[in-house]
Amino acid sequence: MANGQWYPPEWPDRIRALTEGRLTPVVPKRAATVMLLKDTDGAPVVHMLRRRASMAFAGGAYAYPGGGVDPRDDDRQIRWTGPTRAWWASRLGVDETSAQAIVCAAVRETYEEAGVLLAGPTPDSVVGDTTGDDWEADREALVARDVSFAEFLDRRGLVLRSDLLGAWTRWITPEFEPRRYDTWFFVAALPEGQRTRNASTEADRTVWIRPGEAADAYDKGDLLMMPPTIATLRQLRSYDTAAEALAAAPGRDLAPVLAQARLEDSELVLSWPGHDEFTKHIPTGGAPA
């Protein structure tokens, strides 16, 4: 492997099946992930976790905290501050109910997997340290889906701070994948007083790393990543502070990136529009090049 691109061995067969009409694409599930940043001398660092090798999807790959939408977040009005649901609906390209659920997923998953909570007791405040036993009990209840995010916020008297998030990009898992996600990537800064920890049962390691250093490690084949992860790391390299990245988010294009597979002469070609570095040429009887 010339770099650290995650490439499942079953992809060529599934791509062939798709191009030949023998595979019906799975409907993607809505999901959100957050690139959590904090400033250091010289450049910001981003929080990443390494998925356990035993995970069925992207085992061993480095990623950001994130996960699927909880359908209950569609149904109940969340305590909320920042841009309105209508604003977020327009920004994310969905209806208002879905916008609320996607933003909730971003905030909830960051808390579940990193212990960082983008919420506060008032519209202009953020909670401090969330590492106590009572916080951990609430976090575990969220992970188990014993309580909804709205119930958690109400119990704690907290308001979701949607203004602390910036929508960055949107990627949809290729049509030939058995597990598919329509994922919105967000950027956020680590709130003062809070700290990250490996709270995810799906990860065996977490790191704070400069985006450029992570991208270099990927290029050397030292860090395994999926295309959207390395693509966003390369985009973050040009920002000197977390605030600069957040300020740039509203101008980002959220047109979804979806891989395309086609049969061309004697090979299958897999490509991600706008991201030529991920293009793979797969001989009809061989491995990708």
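Up top is the structure these notes are about.
The next subject is the overall build of the chain. The helix and strand tally for the chain stands at 9 helices and 14 strands. Computed over C-alpha atoms, the radius of gyration of the chain comes to 19 Å, within 12% of the 19 Å expected from 2.2 N^0.38 for 289 residues, which places it in the range of a compact globule. Projected onto its principal axes, the C-alpha coordinates of the chain cover approximately 60 × 45 × 35 Å. Across the 289 residues in the chain, those meeting the buried criterion constitute 53%. Contacts in the chain between residues far apart in sequence, at least 24 positions, make up 70% of those at least 6 positions apart.

Unusually for a residue other than glycine, Arg145 sits at a positive phi of about 60°. The residue Arg145 is located in the loop between α5 (133–143) and α6 (149–156) in this model.

Looking at where Arg52 falls in the secondary structure, it is placed in the loop between β2 (44–51) and β3 (62–63). Along the chain, Arg52 and Glu202 lie 150 residues apart, while their C-alpha atoms are 5.8 Å from each other.

Evaluated as defined, the whole model comprises 10 aromatic pairs. With a centroid separation of 6.4 Å and 90° between ring planes, the pair formed by Tyr64 and Phe185 is classed as edge-to-face. On the criterion of sequence distance, the pair formed by Tyr64 in the loop between β3 and β4 (66–68) and Phe185 in strand β9 (residues 181–189) is long-range, its members being 121 residues apart. Relative accessible area serves as the criterion here: at 5%, Tyr64 is assigned to the buried category. Here Tyr111 and Trp135 contribute two aromatic rings whose centre-to-centre distance is 6.3 Å and whose plane-to-plane angle is 80°, an arrangement assigned as edge-to-face. In this pair, Tyr111 is assigned in helix α4 (residues 96–114) and Trp135 in helix α5, connecting sequence segments 24 residues apart. A relative accessible area of 12% places Trp135 in the buried class. Members of the aromatic cluster, each reached through a chain of ring pairs, are Tyr111, Trp135, Phe149 and Phe152. Sitting above the plane of the Trp135 ring, Arg156 keeps its charged end 3.7 Å from the centroid.

Attention now goes to the environment of Ala150. Within the secondary structure, Ala150 sits in helix α6. Taking the C-alpha atoms as reference, Ala150 lies 7.2 Å from Asp73; in sequence the two are 77 residues apart. Not counting the four nearest positions on each side in its chain, Ala150 is found in contact with Asp73, Arg76 and Ile78.

Okay, the sheet that holds strand β6 (residues 119–120) next. The strand order across the open sheet formed by 3 strands is β5-β7-β6, and the pairing between neighbours is mixed. Each edge of the sheet is formed by a strand with only one pairing partner; in this case those strands are β5 (80–81) and β6. Across 2 bridges, β6 lies against strand β7 (residues 159–161) in antiparallel orientation. Paired with Gly120 across the bridge in β7 is Val159.

What follows is about the sheet that holds strand β13 (residues 267–272). Ordered in space as β12-β13-β14, the 3 strands form an open sheet in which the pairing is antiparallel. In this open sheet, the two strands that pair with only one neighbour each are β12 (260–264) and β14 (275–283). Within this sheet the neighbouring strands show an average axis-to-axis angle of 20°, counted without direction. With 5 bridges connecting them, β13 and β14 associate as antiparallel partners.

Our next topic: the side chain of Glu112. Its place among the elements puts Glu112 in helix α4. Take Glu112: its relative accessible area is 6%, and that puts it in the buried class. There is a polar contact of 2.6 Å between the side chain of Glu112 and the side chain of Arg145.

Below, the discussion takes up the nonpolar core. Judged by nonpolar contacts, the single largest core of 41 residues is most densely connected at Val46, Met48, Met225, Leu233 and Trp272. Excluding residues that lie within four positions of it along the chain, Met225 makes contacts with Gly4, Gln5, Trp6, Met48, Ala61, Tyr62, Ala214, Tyr218, Ile230 and Leu233. In this structure, Ile78, Val103, Leu117 and Leu160 belong to the second largest nonpolar core, which totals 40 residues.

Reading the values: the criteria
- Residues numbered from 1 in each chain as written.
- Predicted model: local features only at pLDDT ≥ 70, side-chain atom pairs only at ≥ 80, totals over all residues.
- Heavy atoms only, no water.
- Helix = DSSP H or I, 4+ residues; strand = E, 2+ residues; numbered from the N terminus.
- Rg over C-alpha atoms; globule rule 2.2 N^0.38 Å.
- Buried < 20%, exposed > 50% of the residue type's maximum accessible area, 1.4 Å probe, protein only.
- Contact = heavy atoms within 4.5 Å.
- Phe/Tyr/Trp six-rings, centres within 6.5 Å; stacked < 30°, edge-to-face > 60°.
- Lys NZ or Arg CZ within 6 Å of the ring centre and 35° of its normal.
- Pairing = 2+ DSSP bridges.
- Axes fitted to C-alpha atoms, helices over the stretch in contact; angles between N-to-C directions.
- Polar contact = N/O pair within 3.5 Å; in protein donor to acceptor, adjacent residues only side chain to side chain.
- Core = buried A, V, L, I, M, F, W, Y, C linked by side-chain atoms within 4.5 Å.

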